[in-house]
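Descriptive structure summary
Spelled out from the first residue to the last, the chains are:
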Amino acid sequence: MLAAGPVVAASPAGLDAQVDRLTDALVVLMPFGRLLDEAAGRDPAWPAQGLDVQVSAPELACLRDELSSPGYRRFTHARVSRYADTRAARLEDDIELLESGAAELFGKLVLAGAEAESNGTEADPDAVLAGATKDQIRSFEVFFGEVQYRELRELAGVGDRLNQESSMEANEKAGEEMGTAMAVTLMKTAMETCGVDLPGGKD
């Protein structure tokens, strides 16, 4: 099921569909859109209240649009499109792997970790993965363990930070660092898109 088949590039229309599917899978794997929506729902001034800059009403509206589920999908779609420029022939294999379970399982772990942090509790990865099928677990292990998917992991924002050989504590720390790095990237991208000056960006 997860064995690599013939490497064949899709037609332009097929490539667009593959880019959309891979985007959807990555949005599930790294569900920042949902977390952004929750943050926005808690505070109508978010994210401006955490910025050391003056933000106008139109700029705030723009930031909240960029830092939302639709905005996060646009951000991911743009990254996937660039990835597809050099990896078009591998897209179907990447998509099948993520859709086989890796995206769903890791997305659940991310959400469980975010909820635990919010509640001041400890996440239980074993409980999250308890209902997974063997095929889903295999997909998860292949995604994180096989060297051929290193570029896909980089695209997802995971890289090689998480290691199945590492302890739970080490992986939890790596996961927090990964989430922080992605949040910073999303914020910087949103500020640039919305024309909000980065702190210290101008004299």
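Throughout what follows, the structure given in this document is the object of discussion. (Residues numbered from 1 in each chain as written. Predicted model: local features only at pLDDT ≥ 70, side-chain atom pairs only at ≥ 80, totals over all residues. Heavy atoms only, no water.)

What follows covers the packing of aromatic side chains. Taken as a whole and assessed by the stated rule, the structure comprises five aromatic pairs. An angle of 50° between the planes, with centres 6.0 Å apart, marks the rings of F32 and Y72 as tilted. Taken as a pair, F32 in helix α2 (residues 32-42) and Y72 in helix α4 (residues 69-87) lie far apart in primary sequence, 40 residues in all. Overall, the relative accessible area of 3% leaves Y72 in the buried class. Pairing Y72 with F75 gives two aromatic rings, centres 6.4 Å apart and planes at 20°, and the pair type is stacked. Note that Y72 and F75 are positioned in helix α4 at a spacing of three residues, about one turn of the helix. Among the aromatic residues, those joined into a ring-pair cluster are F106, F140, F143 and F144. (Phe/Tyr/Trp six-rings, centres within 6.5 Å; stacked < 30°, edge-to-face > 60°. Helix = DSSP H or I, 4+ residues; strand = E, 2+ residues; numbered from the N terminus. Buried < 20%, exposed > 50% of the residue type's maximum accessible area, 1.4 Å probe, protein only.)

Across soluble globular proteins, nonpolar side chains have a tendency to be buried as a group. Residues L22, L29, M30, L98, F106, F143 and L152 are the most contacted members of the largest nonpolar core, which totals 45 residues. Listed by contribution, the elements that provide at least two residues to this core are α1 (12-29), α2, α4, α5 (91-119), α7 (134-145), α8 (150-156) and α9 (168-193). Ranked by residue count, the leading element in this core is α5, at 10 residues. (Core = buried A, V, L, I, M, F, W, Y, C linked by side-chain atoms within 4.5 Å.)

Oppositely charged side chains may form a pair once their charged atoms are brought near each other. Enumeration according to the criterion identifies 10 salt bridges in this entry. Of the charged contacts in the structure, one is a salt bridge between D24 and R73, with a shortest N-O distance of 2.8 Å. Here D24, found in helix α1, pairs with R73, found in helix α4; they are 49 residues apart in sequence, far enough to count as distant. For D24, a relative accessible area of 37% puts it in the partly exposed group. A relative accessible area of 29% places R73 in the partly exposed class. With its nearest N and O atoms 3.1 Å apart, the salt bridge here joins R74 to E66. Taking the relative accessible area as the measure of exposure, R74 reaches 38% and is therefore partly exposed. Here the residues in one salt-bridge network are R21, E92 and E99, joined through shared partners. (Salt bridge = Lys/Arg side-chain N within 4 Å of Asp/Glu carboxyl O.)

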